[in-house]
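Chain by chain, the residues run as shown.
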Amino acid sequence: MILTPSPELSVVVPTFNERENIQELVNRLAETLQAIRWEVIFVDDDSPDGTAALVRSLAQRDPRVRIIHRIGRRGLSTACVEGMLASSAPLLAVMDADLQHDERILPAMLRAVKDDGYDIAVGSRYVAGGSLGEWGEERQFASQFATRLSRLVLKAGVKDPMSGFFLLKREVLEGAVADLSGIGFKIMLDIFASSTKPLRYIEIPYEFRIRQAGESKLDSAAVWDYLMMLLDKSLGRYIPIRFIPFALVGGAGVFVHLLVLWLVYDLGGYGFTTGQTAAAVIAMTFNFFVNNAVTYRDRQLRGWGMLRGWVSFTLACSLGAVANVGIATYAFETQLVGETAWVLSAVAGIIVGAVWNYAVTSVYTWNKVKGV
Ligand code: GDD
Ligand code: MN
């Protein structure tokens, strides 16, 4: 029996609506990686433009092309991680599909890791010879600012920690994977920050090209994700990081509640119970939608799932309210938090209610992965 030798390098490429770029990228990889056995693993989040189907049809003709097709999921970082984990090659690269990363430096990255003993080679825009290409000033500034912020979680002095283009040894992934935050766009920074030991790295310059087809997915939500990732890598050891936006949304919900109560009861002249009920339902609905859009953006419920989610969220929060009042009353009556400390009693109730709401809805409202 003749076995086909398996690839030495897997190039993992996350895709979302990149149909127009796939064939060209495969051609370019084939051109530049002639000297070694390689494969490319596209990880597509069910792009509406049919990227996955196109990759699959290429894969039927070319065994070097593979596809991971994810349903009901979004996220650049998790796509990269799952792509890398699906490979058994000793060397792993990650790059974008949109041809902005210059594939011609892959052989140099490969040599650095394979022959020169580096753990990871970083495709870098910020070392001599690299550049941002034709980026507008605004985006250059944003990128540099984000790079500075990354120092909060990054000990290594990498010049381009925001790079989405890198090549590493499989062991490096294995040393970091259990601690990865997986939030958002910045998978390489995540790997550096999660590695158990310092990584020997080298930065290899390239010029960031402009996108030819399709559009960038980096939007304001990506900025939010980035901040969440930094928080996760710093505070995340102590609290689940989603609890922070969840609690902030809850705080905003209190204002919504009071506003509705004021409108219905005070201005509208309805009974207090009517006002309070309307306020509670509207505040919970507000919290549900904002959490669905922001806190759980990566697991966002849509269509009928949203109705089911709203029901479970409202049920959970109603029980949370009962717990809140129960604990507060108990603390108040037994003077658990000191005499006449009605504020502290109320705060104790709020904390227990919030933690309950968070814990229950994170499992029952947002944890169902559709189709998996
Ligand atoms: N599977 C999957 N899921 N892929 C995604 C998703 C997603 O939710 N969002 C984006 N992608 C894919 C895109 O299709 C593309 O191949 C790649 O991830 C990068 O997305 P872009 O939208 O092109 O990002 P960018 O060009 O603004 O930023 C890139 O370059 C920067 C500089 O290296 C990213 O790689 C950044 O992380 C990087 O800092
Ligand atoms: Mn891009």
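Residues numbered from 1 in each chain as written. Chains lettered and ligands numbered in written order. Predicted model: local features only at pLDDT ≥ 70, side-chain atom pairs only at ≥ 80, totals over all residues. Heavy atoms only, no water.

Describing the coordination of the manganese ion (ligand 2)
Tetrahedral metal sites with four donors have an ideal angle of 109.5 degrees; octahedral sites with six donors have ideal angles of 90 or 180 degrees.
Item 1. Ligation of the manganese ion (ligand 2) by protein atoms is provided by Asp98 (OD) and Gln100 (OE1), these donors lying 1.9 Å from the ion.
Item 2. Residue Asp98 is classed as buried on the basis of its relative accessible area, which comes to 3%. (Donors = N, O, S within 2.8 Å, 3.2 Å for Na, K, Ca; no water. Buried < 20%, exposed > 50% of the residue type's maximum accessible area, 1.4 Å probe, protein only.)

Things to note about helix α4 (residues 106-114)
Item 1. Where α4 is concerned, the buried positions are Leu106, Met109, Leu110, Ala112 and Val113. The buried residues of α4 occupy one face: seen down the axis, they fall within an arc of 160°.
Item 2. Against the buried residues of α4 lie β1 (9-15), α1 (19-32), β4 (91-94), β5 (120-124), β6 (166-169) and β7 (201-205). (Helix = DSSP H or I, 4+ residues; strand = E, 2+ residues; numbered from the N terminus. Arc of directions from axis to C-beta. Contact = heavy atoms within 4.5 Å.)

A closer look at the site of ligand 1
Item 1. Neighbouring ligand 1 are 28 residues; Glu18, Arg74, Met162, Lys186 and Lys217 lie closest to it.
Item 2. Contact between ligand 1 and Lys186: an oxygen atom at 2.6 Å from a side-chain N or O atom of the residue.
Item 3. Burial of ligand 1 by the protein chains amounts to 99% of its free accessible area of 740 Å².
Item 4. Within the residue set of the shell around ligand 1, elements represented by two or more residues are β1 and α3 (76-85). (Near = heavy atom within 4 Å. Polar contact = N/O pair within 3.5 Å; in protein donor to acceptor, adjacent residues only side chain to side chain. Areas by Shrake-Rupley, 256 points an atom, 1.4 Å probe, with all protein chains shown as cover.)

So, helix α10 (residues 272-295)
Item 1. Compared with an ideal rise of 1.5 Å per residue, which puts 24 residues at 34 Å, α10 spans 32 Å between its outermost C-alpha atoms and is within 8% of the ideal.
Item 2. Every buried residue of α10 is accounted for by Gly275, Ala279, Ala283, Met284, Asn287, Phe288, Asn291, Asn292 and Thr295.
Item 3. Check the buried side of α10 and you find it contacts α9 (243-267) and α11 (304-333). (Expected span 1.5 Å × (residues − 1).)

Topic: the domain arrangement of the chain
Item 1. Considered domain by domain, the chain is made up of domain 1 (9-235) and domain 2 (243-364).
Item 2. When each unit is reduced to the centre of its C-alpha atoms, the spacing between domain 1 and domain 2 is 40 Å.
Item 3. The interface of domain 1 with domain 2 comprises seven residues on the first partner and five residues on the second.
Item 4. Between domain 1 and domain 2 the total buried area reaches about 530 Å² when both faces are included, carbon and sulfur atoms providing 63% of it.
Item 5. By the criterion of area lost to domain 2, the three top residues of domain 1 are Arg74, Ala221 and Trp224, representing 58% of everything that side buries.
Item 6. Asp225 serves as the salt-bridge partner of Arg297, at 2.4 Å between the closest nitrogen and oxygen.
Item 7. Counting across the domain 1 and domain 2 interface gives one residue pair in polar contact (both at pLDDT 80 or more). (Domains from an automatic or database assignment. Buried area = accessible area lost by both parts, 1.4 Å probe. Salt bridge = Lys/Arg side-chain N within 4 Å of Asp/Glu carboxyl O.)

Notes on the packing of α10 against α11
Item 1. Where α10 meets α11, the closest approach of the two axes is 10 Å, and the angle between their N-to-C directions is 125°. Taken together, the axis directions place α10 and α11 in an arrangement best described as oblique. Read as a crossing pair, α10 and α11 show a hand that is right-handed. Contact residues: Met284, Thr285, Asn287, Phe288, Phe289, Asn291 and Asn292 in α10; Met306, Gly309, Trp310, Phe313, Thr314, Cys317 and Ser318 in α11.
Item 2. Here the residues of the contact of α10 with α11 are counted per class, giving seven nonpolar, seven polar and no charged. (Axes fitted to C-alpha atoms, helices over the stretch in contact; angles between N-to-C directions. Parallel < 35°, antiparallel > 145°, perpendicular 65-115°, else oblique. Left-handed = near helix turned anticlockwise from the far one by under 90°. Nonpolar A, V, L, I, M, F, W, Y, C, P; charged D, E, K, R; others polar.)

Thoughts on the packing of aromatic side chains
Item 1. All chains considered together, the criterion is met by 12 aromatic pairs.
Item 2. Their ring planes at 10° and their centres at 4.4 Å tell us that Tyr296 and Trp366 sit as a pair that is stacked. Of this pair, Tyr296 sits in the loop between α10 and α11 while Trp366 is found in the segment after α12 (342-364), placing the two residues 70 residues apart along the sequence. Assigned by exposure class, Tyr296 and Trp366 land together as buried.
Item 3. Taken together, the ring pairs connect Phe288, Phe289, Tyr296, Phe313 and Trp366 into an aromatic cluster.
Item 4. Directly above the ring of Phe16 sits Arg74, whose terminal nitrogen or CZ lies 3.6 Å from the centroid.
Item 5. Taking the ring centre of Phe208 as reference, the NZ or CZ of Arg125 above it sits at 5.4 Å. (Phe/Tyr/Trp six-rings, centres within 6.5 Å; stacked < 30°, edge-to-face > 60°. Lys NZ or Arg CZ within 6 Å of the ring centre and 35° of its normal.)

A word on the nonpolar core
Item 1. Residues Leu9, Val11, Leu29, Val40, Phe42 and Leu106 are the most contacted members of the largest nonpolar core, which totals 35 residues.
Item 2. Broken down by secondary-structure element, the contributors of at least two residues to this core are β1, α1, β2 (38-44), α2 (51-61), β4 and α4.
Item 3. Ranked by residues supplied to this core, first place goes to α4 with five residues.
Item 4. In contact with Val40, other than residues within four places in its own chain, are Val11, Val13, Val26, Leu29, Arg64, Val65 and Arg66.
Item 5. Counting 33 residues, the second-largest nonpolar core is a separate cluster that includes Ala156, Leu173, Leu199 and Leu230. (Core = buried A, V, L, I, M, F, W, Y, C linked by side-chain atoms within 4.5 Å.)

Observations regarding the pattern of salt bridges
Item 1. This model, assessed by the stated rule, comprises 19 salt bridges.
Item 2. Note that Lys217 is salt-bridged to Glu18, the shortest N-O span being 3.0 Å. Of this pair, Lys217 sits in the loop between β7 and α8 (220-234) while Glu18 sits in the loop between β1 and α1, and the two are 199 residues apart along the sequence.
Item 3. For Asp119, the salt bridge goes to Lys169, with nearest N and O atoms at 3.9 Å. Here Asp119 is found in the loop between α4 and β5, whereas its partner Lys169 is found in strand β6, with 50 residues between them in sequence.
Item 4. One continuous salt-bridge network, built from bridges that share partners, spans Glu24, Arg28, Asp102, Glu103, Arg104 and Arg209.

Here's the deal with unusual backbone geometry
Generally, phi is negative for residues other than glycine and the peptide bonds are trans, each holding for most cases.
Item 1. Of note, Asn17 is a non-glycine position whose phi angle comes to about 55°, a positive value.
Item 2. Mapping Asn17 onto the fold places it in the loop between β1 and α1.
Item 3. For Asn17, a relative accessible area of 26% puts it in the partly exposed group.

A closer look at the packing of α9 against α10
Item 1. Two elements in contact, α9 and α10, have axes whose closest approach is 8 Å; the angle formed by their N-to-C orientations is 150°. Viewed along their axes, α9 and α10 adopt a mutual orientation that is roughly antiparallel. Between α9 and α10 lies a crossing of right-handed hand.
Item 2. Looking at side-chain class alone, the contact of α9 with α10 contains 17 nonpolar, eight polar and no charged residues.

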